[in-house]
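Report on the structure
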Amino acid sequence: MSESLPAAYEPGAIEAHIYQMWLDRNAFHAEATDAGEPYCIVIPPPNVTGALHLGHAIDNTLQDILIRVHRMRGCNAVWIPGIDHAGIATQAVVEKQLREQENLSRHEVGREGLVQRIWKWKEQYGERILHQLKRMGASCDWARLRFTLDEQCARAVRATFFKLFKDGLISRGKRLVNWDVFLQTSISDDEIYHENVKTSLWHIRYPIDGTSEFMTVATTRPETMLGDTAVAVHSEDARWNRYIGQQVRLPLTDRLIPIIADDILVDPKFGTGVVKVTPAHDFNDYAVYQRHLGKADEIALLNILRPDGHLNEAAGAVYAGQRRDHARKQIVIDLAALGLLIKEEPHEAEVGHSDRSKTPVEPYLSDQWFVRMAPLAEPALDVVRRESIRFFPERHAQQYLAWLGEKRDWPVSRQLWWGHRIPVWHHAAPSTESLEWLQLNPEFIAFNQNESGIFVCARDSDPLIEQRLVDWGYLQDPDVLDTWFSSALWPHSTLGWPEQTGALQKWYPTRVLVTGRDIITLWVARMVMTGLYNLGQIPFDHVCVHPTILDGKGERMSKSKGNGVDPLDIIETHGADALRFTMSHMATETQDVRLPVKKLPSGKNSSVRFDLGRNFCNKLWNAARFVFANLQSAPGELSEPGQWATADRWIVSRFNRTVADANTALATYRFDAYARACYDFFWRDLCDWYVEASKPALKDPARATQTADVLAAVLDGTLRLLHPIIPFITERLWSHLNQIRPTRGLPIDLACPPSELLIKANWPIAGPLDESTEQRFSQVQEIVGIIRNARNDYKIDPRKAITLSISGPAAMVDSLAADRQTIELLATCAVSDISSDLVPPPNAIRATAAGCEIYLMELIDPAAEKQRLAKRCEELRKTIHSLRGRLGNESYMSKAPPQLVQQTHDQLTEAEAEFQKLDGSNGG
């Protein structure tokens, strides 16, 4: 006896049990030696710092759909999970806790102590991400879980850095970088967002040396003037070009700085025509410095900031040690006291902020490690131009090409303690013995020398080598690598590179990367570069870019705004399948999707949009229960399809068409089209039409077995088709279907090979289509639809059977007669006659559908109906007269657009046809 199925679907009662069953049966695991076409996806590793949100939910749902589909197609499919150590963000969180809970700084606990605390924090909070993924149904191969700081990833990072160092593609030097003064580390351009800030614009006098004249400089940052090393004018600006080559006396410092010409920096039509040049604290000014290097008017670099944002000794004894904002106020007071402040006016400026600390960034001159991008970028550009890698939607390739085409060097060092420490040791004056030893080990050691000494890079994390360097007095670089450096290696580091593992040989390149558009430059481009550099192969064939989830107001979701939605909250209220179905339905080709957020009494956030998924699951559960109640334990003697009822042949053809549509949608990553195809087939074709049409057949001994067999096969195929989107409910129903009807299928038309678990079942095959049957049944649907509409128009009780007759073309009479019972059931009617030469019954409502006249009898008051028809005929006469007049107007015909003229012709044709029919039925 089969286990009973509850009357109502309760996702909480089955999800944990089913997921554990998948784990127990090793359903997610793959081996490189397994048969099947390799298919691999690597998860975009979420940051260990926080819980997953709906942006992660859509990303991981789509990946899971793909991996489940390809697993069912017989591929050797593996989805590799992982977590990113998130260097800046994670260290910032732990440092904040350290201050708040113990009133300690990282320097007080030391490097080793801080890293130990972060590892403990990671172990405590990293598990919640994995818990969320599992609750969402992610079928990751958990045995292959990776962390960007684990031993395997660390080997890949060391090997890549060593290769870049040896090839001369990575080097250290003073560069102007974006500096987060709160976290005291450099950050990349892509980790900055800009906000408009209300400030002032100060106009300051710069006295021209040897004269009584001065130049006027306008600035929003007067504190940086202490680092000025020049003022620039345009060479053709008659106001100032005569002073080029002379000097100004820098206010408050008594330093003389040159007046130079720079036609790129200065727009003579803007402002005063004079621009202060502070190369160590402004990227545009740093470009001026570079343009003038080695020339007669070469200018200097002067850094006036400490790493924490306070002014240093180069700013002068008066201001040294002051915070930036305090120094600004004091400088403005001092300039005013000297009569050098002309005016101060309100101003709004766009200021860059660190995405990590949410504080304003400073352009800051410091020693950094940079990767030369040009040699790496060109091959990565080429593979996208040649479409070796394709973007879906393809418009996102432009963002990739535009950013990578700039070929800006990549600053990879971060002044942190949490992360991959840079494997380079430095010595200002190395011993001869150490130099001789270094030259003996080129496979493991690379080095270069410059005026500051020797830099040694060790390929492997070898304690003996590192200790020998320390004994000779070499010091390891204190910085760590940018988090994106290790993430850039993700597709091949997760598969075991630099070792040539079986997994790497089997699954690399991976098949598709699913991600959001915000990290196309930060991550996607860098993975392509490093994949080509390390392995000579692209890391993936396709990049699928899904939309960004916003709240109902169009704002990004976040905890600080209170508009974020935790996927687990949706799972608690709606179920994981409802979450997944709704996410899939929203995965259109648009850039953003708005999701209205509702605050629940519990304080958690939710959205009514997820009712779509919940309602769909409830409908599936109830429909399956109807099918189960009408199935025998074994199939009957299968008849030829030509002997089946029209509805049976129709639903099988519609299913096969849906499978084909789903395959097409999945091939181009149109997850919304896949979800829509499933929804329309199940809800409209199967439930609204076929299940209703099957009810009388199931009561007819001559048709019951055949109809039950079709129901079993179609439900089997539907569960296979829906499983990748809604895996929990489909696996539960599959189990019950196996108990009730272990053998099912319609050979040729709908194959259903058996499988104990749905997750391991075959993906449905798109069988032959029956175009003529689909057309025939669509005529039945149209006739039923027009009858239902007439009932509504005349307010007839939907449960009351009515009598009608159908007049149709001779070629349709036989098929309509064969489908009489279906029409009667679906339209709640009795069909008294079907003929090609039917005499219209008196006092009948006439409707037209599928080329037939349908007469609904004994429903109306003849006098009232005649009056209604007469009124409608009069309306049509006026419409026809107006349209004919318009088409007879030469001015209209000559000036109106062709499409409007055609529309008028079409309206006239429709009105004349309706009038002809109504006029005849109304007695002329």
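The present account deals with the structure reproduced in this document. Residue positions are given per chain, counted from 1 along the sequence in the order it is written. A pLDDT threshold of at least 70 governs which residues receive local features in this predicted model, and a stricter bar of 80 or more applies before side-chain atom pairs are shown or counted, although totals over entire chains, interfaces and linings include all residues. Hydrogens are left out, water is left out, and the side-chain values use all remaining heavy atoms of the structure.

Some words on the overall build of the protein
Secondary structure summary: the protein contains 28 helices and 32 strands in total. When we talk radius of gyration, it's over C-alpha atoms, and the globule rule is simply 2.2 Å times the number of residues to the 0.38. The C-alpha atoms of the protein give a radius of gyration of 37 Å, which is well past the 29 Å a tight globule of 924 residues would have. Taken along the three principal axes of its C-alpha coordinates, the protein extends 115 × 75 × 55 Å. Every one of the 924 residues in the protein was classed for burial, and the buried ones make up 53%. Contacts in the protein between residues at least 24 apart in sequence constitute 78% of all its contacts with a sequence separation of at least 6. Where helices and strands are cited, they refer to DSSP runs of H or I of at least four residues and of E of at least two residues respectively, numbered from the N terminus. Burial classes: relative accessible area under 20% of the type maximum marks a residue as buried, over 50% as exposed, and values in between as partly exposed (1.4 Å probe, protein chains only). Contact criterion: two residues are considered in contact whenever any of their non-hydrogen atoms come within 4.5 Å of each other.

Things to note about the environment of Val 109
By the element assignment, Val 109 lies in helix 4 (residues 106-135). If we skip the residues at most four places from it in the chain, Val 109 touches Leu 98, Leu 104, Leu 114 and Arg 117.

Thoughts on the sheet that holds strand 15 (residues 390-392)
When DSSP finds two or more bridges between two strands, those strands count as paired. Within the open sheet, the three strands sit side by side as 15-24-23. Their pairing is parallel. Each of the sheet's edge strands pairs with one partner strand only, and the pair in question is strand 15 and strand 23 (510-516). In this sheet, neighbouring strand axes are inclined to one another by 20 degrees on average, regardless of whether the strands run parallel or antiparallel. Two strands pair when backbone bridges link them, and strand 23 and strand 24 (residues 540-546) are joined in this way by six bridges, in the parallel orientation. Across the sheet, Gly 516 pairs through a bridge with His 546, a residue of strand 24. With axes taken as lines fitted to C-alpha atoms, and helix axes fitted only over the stretch in contact, angles between N-to-C directions fall between 0 and 180 degrees. Sheet strands in contact with helix 15 (residues 520-535) are strand 15, strand 23 and strand 24, and its direction is about 165 degrees off that of strand 23.

Describing the packing of aromatic side chains
For this analysis, a ring pair means two rings from Phe, Tyr or Trp (six-membered ring only for Trp) whose centres lie within 6.5 Å, classed as stacked if their planes differ by under 30 degrees, edge-to-face if by over 60, and tilted for the remaining angles. This model, assessed by the stated rule, comprises 28 aromatic pairs. A ring pair is formed by Trp 369 and Phe 455, whose centres lie 6.0 Å apart and whose planes are at 90 degrees; its orientation type is edge-to-face. A residue pair is termed long-range when its members are at least 10 positions apart, and Trp 369 in strand 14 (residues 361-371) and Phe 455 in strand 20 (residues 453-458) qualify at 86 residues. Taken as a pair, Trp 369 and Phe 455 share a single burial class, namely buried. The structure contains a cluster of three or more aromatic residues connected by ring pairs, namely Phe 161, Phe 165, Trp 369, Trp 410, Phe 455 and Phe 485. Lying over the aromatic face of Trp 22, Arg 68 brings its terminal NZ or CZ to 4.5 Å of the ring centre. A ring is considered to have a charge above it if a Lys NZ or an Arg CZ atom is located within 6 Å of its centre and within 35 degrees of its normal. In this structure, Arg 526 is placed above the aromatic ring of Trp 410, and the distance from its NZ or CZ to the ring centre is 4.2 Å.

Points about helix 25 (residues 820-827)
Listed in full, the buried residues belonging to helix 25 are Thr 822, Ile 823, Leu 826 and Ala 827. End-on, the buried residues of helix 25 take up no more than an arc of 105 degrees, which puts them together on one face. In the core, the buried residues of helix 25 are packed alongside helix 20 (671-699), helix 23 (771-793), strand 29 (802-807), helix 24 (810-818) and strand 30 (829-835). By definition, the arc is the one covered by directions from the helix axis to the C-beta atoms.

Digging into the side chain of Arg 654
Along the chain, Arg 654 turns up in helix 19 (residues 646-667). Looking at Arg 654, the relative accessible area reads 17%, which means it is buried. Two N or O atoms count as a polar contact when they lie within 3.5 Å, although within protein this holds only if one can serve as hydrogen donor and the other as acceptor, and sequence-adjacent residues are included solely when both atoms are side-chain atoms. At a separation of 3.0 Å, a polar atom in the side chain of Arg 654 contacts the side chain of Asp 685.

A word on the nonpolar core
Nine residue types can take part in a nonpolar core, namely buried Ala, Val, Leu, Ile, Met, Phe, Trp, Tyr and Cys, and a core is a set of them joined through side-chain atoms within 4.5 Å. Counting residues in hydrophobic clusters, the biggest one holds 146 residues, and the most contacted among them are Ile 783, Ile 806 and Ile 823. Element by element, the count of residues in this core is highest for helix 20, at 13 residues. Leaving out residues up to four positions away in the same chain, Ile 823 has contacts with Val 780, Ile 783, Val 784, Ile 787, Ile 806, Leu 816, Thr 828, Cys 829 and Val 831. Phe 162, Leu 401, Trp 403 and Leu 532 belong to the second largest nonpolar core, which has 66 residues in total.

Some remarks on the pairing of strand 5 (residues 170-180)
Note that strand 5 and strand 14 share eleven bridges and pair antiparallel. Across the sheet, the residue bridging to Trp 179 is Glu 362, located in strand 14. Two elements, strand 5 and strand 6 (residues 185-187), share three bridges in a ladder whose sense is antiparallel. Bridging across to strand 6, Trp 179 finds its partner in Ser 186. The hairpin formed by strand 5 and strand 6 contains four residues between the paired strands, and Gln 184 there has a positive phi angle of roughly 55 degrees.

Structural notes on the pattern of salt bridges
A pair is scored as a salt bridge if a Lys or Arg side-chain nitrogen falls within 4 Å of a carboxyl oxygen belonging to Asp or Glu. Scanning all chains against the criterion turns up 59 salt bridges. Note that Arg 657 and Glu 771 form a salt bridge whose closest N and O atoms lie 3.1 Å from each other. Here Glu 771 lies in helix 23 and Arg 657 lies in helix 19, a separation of 114 residues in the sequence. Overall, Arg 657 belongs to the partly exposed group, its relative accessible area being 21%. A salt bridge links Arg 799 to Asp 797; its shortest N-O distance comes to 3.4 Å. Shared partners join several salt bridges into a network, and the residues in it are Arg 654, Arg 657, Arg 684, Asp 685, Glu 771 and Glu 774.

Points about the sheet that holds strand 11 (residues 255-261)
One open sheet holds the four strands; their spatial order is 10-11-9-12, and the pairing between them is mixed. The open sheet terminates on both sides in strands that have one partner only, identified here as strand 10 (247-250) and strand 12 (275-277). Ignoring strand direction, the axes of neighbouring strands in this sheet form an average angle of 35 degrees.

Quick look at helix 21 (residues 704-722)
Given the number of residues in a helix, its expected span is that number minus one, multiplied by 1.5 Å. Look at helix 21: 26 Å from first C-alpha to last across 19 residues, which is about the 27 Å you get at 1.5 Å a residue. Within helix 21, 18 of the 19 residues are buried, which leaves the element mostly enclosed by the surrounding structure.

Section: the layout of surface pockets
Points on a 1 Å grid over protein atoms alone make up a cavity when a 1.4 Å probe fits among them but cannot get out, and a pocket when they form an open set with protein on both sides within 12 Å along at least five of seven lines; lining residues each have an atom within 4 Å of a point. Grid points are joined across faces, edges and corners, and a volume is the space filled by probe spheres set on the points. The space that makes up the second largest pocket amounts to roughly 1,500 Å³. Taken together, 46 residues line the second largest pocket, and the ones lying closest to its centre are Thr 219, Thr 220, Arg 221, Asp 282 and Ala 349. Counting only elements with at least two residues in the lining of the second largest pocket, the list comes to strand 7 (192-207), strand 8 (214-219), strand 12, helix 6 (283-291), helix 7 (324-337), strand 13 (341-354) and strand 14. Of the residues forming the lining of the second largest pocket, the biggest block, seven residues, is contributed by strand 7. Of the residues belonging to the lining of the second largest pocket, the class tally is 16 nonpolar, 16 polar and 14 charged. Residue polarity follows a fixed list, in which Ala, Val, Leu, Ile, Met, Phe, Trp, Tyr, Cys and Pro are nonpolar, Asp, Glu, Lys and Arg are charged, and the others, Gly among them, are polar.

Here's the deal with unusual backbone geometry
Phi is mostly negative for residues that are not glycine, and the peptide bonds are mostly trans. Going from Phe 392 to Pro 393, the amide bond is cis rather than trans, its omega being -10 degrees. With respect to the helices and strands, Pro 393 occurs in the loop between strand 15 and helix 9 (396-405). With an omega of 0 degrees, the peptide bond between Tyr 508 and Pro 509 qualifies as cis. Looking at the secondary structure, you find Pro 509 in the loop between helix 14 (502-507) and strand 23. Of note, Lys 358 is a non-glycine position whose phi angle comes to about 65 degrees, a positive value. Structurally, the position occupied by Lys 358 is in the loop between strand 13 and strand 14. Not every positive phi belongs to a glycine, and Tyr 669 is a case in point at roughly 60 degrees.

Some details on the packing of helix 21 against helix 22 (residues 727-740)
It is the contact of helix 21 with helix 22, at a shortest axis distance of 10 Å, that shows an interaxial angle of 150 degrees. Classified by the angle their axes make, helix 21 and helix 22 are roughly antiparallel. Here helix 21 and helix 22 pass one another in a crossing that is left-handed. Of helix 22, the residues touching helix 21 (which contributes Ala 712, Leu 715, Asp 716, Leu 719, Arg 720 and Leu 722) are Thr 730, Leu 733, Trp 734 and Leu 737. Put simply, angles under 35 degrees are roughly parallel, angles over 145 are roughly antiparallel, angles from 65 to 115 are roughly perpendicular, and the rest are oblique. We call a crossing left-handed when the near helix sits turned anticlockwise from the far one by less than a right angle, and right-handed when that turn is clockwise.

Concerning the pairing of strand 2 (residues 76-80)
Judged by how many residues are buried, strand 2 sits mostly within the fold: five of five residues are covered. Of the two faces of strand 2, both are covered, the one formed by Asn 76, Val 78 and Ile 80 as well as the one formed by Ala 77 and Trp 79. The pairing of strand 1 (residues 38-42) with strand 2 spans five bridges and is parallel. The partner of Tyr 39 across the bridge, within strand 2, is Ala 77. Handedness of the crossover is the feature at issue here: the chain leaves strand 1, passes through helix 2 (residues 54-72), returns alongside strand 2, and the resulting connection is right-handed. Look down the strands so they point away from you; if going from the first strand over the helix to the second traces a clockwise path, that crossover is right-handed.

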